[in-house]
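Chain by chain, the residues:
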Amino acid sequence: MRKLCSALGILVALSFAPAVRAQDKVEVFGGYSYLRLNNSPSHFNLNGWELAGTYKFNGWLGGTADFSGHYGSPFGANLNQHNFLFGPQISLPAPVSPFVHALVGVADLGGSGVSDHSFATALGGGMDIHSGFLLGYRLFQVDDVITHFGGRSQNDLRISTGIVLRF
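None of these values were measured; they are calculated from a predicted model.

Student: Help me understand the packing of aromatic side chains in this model?
Tutor: For any pair of aromatic rings, the description consists of the separation of the ring centres together with the inter-plane angle of the planes. By the definition in use, this model includes three aromatic pairs. On the numbers, 5.7 Å between centres and 80° between planes, the contact of Phe67 with Phe86 is edge-to-face. Of this pair, Phe67 sits in strand 3 (residues 61-72) while Phe86 sits in strand 4 (residues 79-91); the two residues are 19 residues apart in sequence, bridging distant segments of the chain. Through pairs of rings, three or more aromatic residues link up here, namely Phe67, Phe84 and Phe86. The ring centre of Phe29 lies 4.4 Å from the NZ or CZ of Arg138, which sits over that ring.

In structure tokens, the structure reads:
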């Protein structure tokens, strides 16, 4: 009888697992990020990291805070750009989950003793694959990061990939 009750308890718990998973409210993404810095007439390739957290208001709409840092040494000079962005994200609540977002905030460009700050936006999206109960993988994220350093507008390409945790 004890084994039968244990088996029934496990079946009941497993039957509620999809409902519990549907209640995921927070996603945290961390991973590698590439930035193609378009500083006309020159272009620079920077490598770095991205960390983002999304709070889901419902199954498809969330608010995202996105932070990234990119670093490189074009022409022997150290260069870095940090972005601090916030905004809405729309995603399809499915095991393979495409998403789009529109983020706004600030960017800081620095290196070799020089620093500049700019209003920034990131318009883009990507695809997440949710492979486990808490664990997923961001197959790709592609953003057009728009900044205004030196009084000129730049459209930079940012591509990211990494791990997604869901709580």
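Student: Even after reading the chapter, I still don't get empty space enclosed by the protein, so can you show me in this structure?
Tutor: In total, this model carries one cavity of 30 Å³ or more according to the counting rule given. One number sums up the size of the largest cavity: a volume of about 40 Å³. Forming the walls of the largest cavity are Glu27, Val28, Phe29, Ala52, Gly53, Thr54, Thr64, Gln89, His101, Arg138 and Gln141. Secondary-structure elements contributing two or more residues to the lining of the largest cavity are strand 1 (26-39), strand 2 (42-56) and strand 7 (135-147). A breakdown of the residues in the lining of the largest cavity according to their chemical character gives three nonpolar, six polar and two charged.

Rules behind the numbers
- Residues numbered from 1 in each chain as written.
- Predicted model: local features only at pLDDT ≥ 70, side-chain atom pairs only at ≥ 80, totals over all residues.
- Heavy atoms only, no water.
- Phe/Tyr/Trp six-rings, centres within 6.5 Å; stacked < 30°, edge-to-face > 60°.
- Helix = DSSP H or I, 4+ residues; strand = E, 2+ residues; numbered from the N terminus.
- Lys NZ or Arg CZ within 6 Å of the ring centre and 35° of its normal.
- 1 Å grid on protein atoms, 1.4 Å probe; cavity = no way out; pocket = protein on both sides within 12 Å on 5 of 7 lines; lining within 4 Å.
- Points joined across faces, edges and corners; volume = space filled by probe spheres on them.
- Nonpolar A, V, L, I, M, F, W, Y, C, P; charged D, E, K, R; others polar.

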